[in-house]
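Fold and contact review
In case you want the letters, here they are:
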Amino acid sequence: MSDSTVQCWLVEREFGDRDFVTIVYATPDGSRYQQRQRSSTALRTGPKVTAATEIPEDDLEPVTDEDIRERYATEVERTAERYDPDDPI
């Protein structure tokens, strides 16, 4: 198990039914990601969703679809241009 982390940026936020929000953070090149689900209540009362976060390398999944990889890389670039890593968004 690796102790190293990777700074990942928010690339997707999807509001689903059942009061859950799916949040996706991706590496700058879009090749790996982590998906999280939080309730809308947790979003209001818990830790803020920030533009970027440090994620352990072992917790990242590969992005196997080239179109999604490119979209994630583009979203990382856009988010990084607009926000500092610790900015809540």
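This report concerns the structure included in the present document. Quantities reported herein were computed from a predicted structural model and do not represent experimental measurements. (Residues numbered from 1 in each chain as written. Predicted model: local features only at pLDDT ≥ 70, side-chain atom pairs only at ≥ 80, totals over all residues. Heavy atoms only, no water.)

**Some words on the environment of V6**
- Looking at where V6 falls in the secondary structure, it is placed in strand β1 (residues 5-15).
- Classification of V6 as buried rests on a relative accessible area of 15%.
- Among residues more than four places away in sequence, those in contact with V6 are T27, R32, T53, E54, I55, E57 and L60. (Helix = DSSP H or I, 4+ residues; strand = E, 2+ residues; numbered from the N terminus. Buried < 20%, exposed > 50% of the residue type's maximum accessible area, 1.4 Å probe, protein only. Contact = heavy atoms within 4.5 Å.)

**A few points about the sheet that holds strand β4 (residues 52-56)**
- Read from one edge of the open sheet, five strands run β4-β1-β2-β3-β5, paired in antiparallel fashion. Of all strands in the sheet, those bounded by a partner on one side alone are β4 and β5 (61-62).
- Bridge count between strand β3 (residues 32-39) and β5: two bridges; the pairing is antiparallel. Opposite R32, over in β5, you have P62 as the bridge partner.
- Against the sheet, helix α2 (residues 66-82) engages β1, β2 (20-26) and β3, with an angle of about 100° to β1. (Pairing = 2+ DSSP bridges. Axes fitted to C-alpha atoms, helices over the stretch in contact; angles between N-to-C directions.)

**As for α2**
- For α2, with 17 residues, the first-to-last C-alpha span of 25 Å sits near the 24 Å given by 1.5 Å per residue.
- Looking at the packing, one finds that the buried side of α2 touches β1, β2 and β3.
- Residue D65 occupies the N-cap position of α2, its side-chain oxygen lying 2.9 Å from the main-chain nitrogen of D67. (Expected span 1.5 Å × (residues − 1). Polar contact = N/O pair within 3.5 Å; in protein donor to acceptor, adjacent residues only side chain to side chain.)

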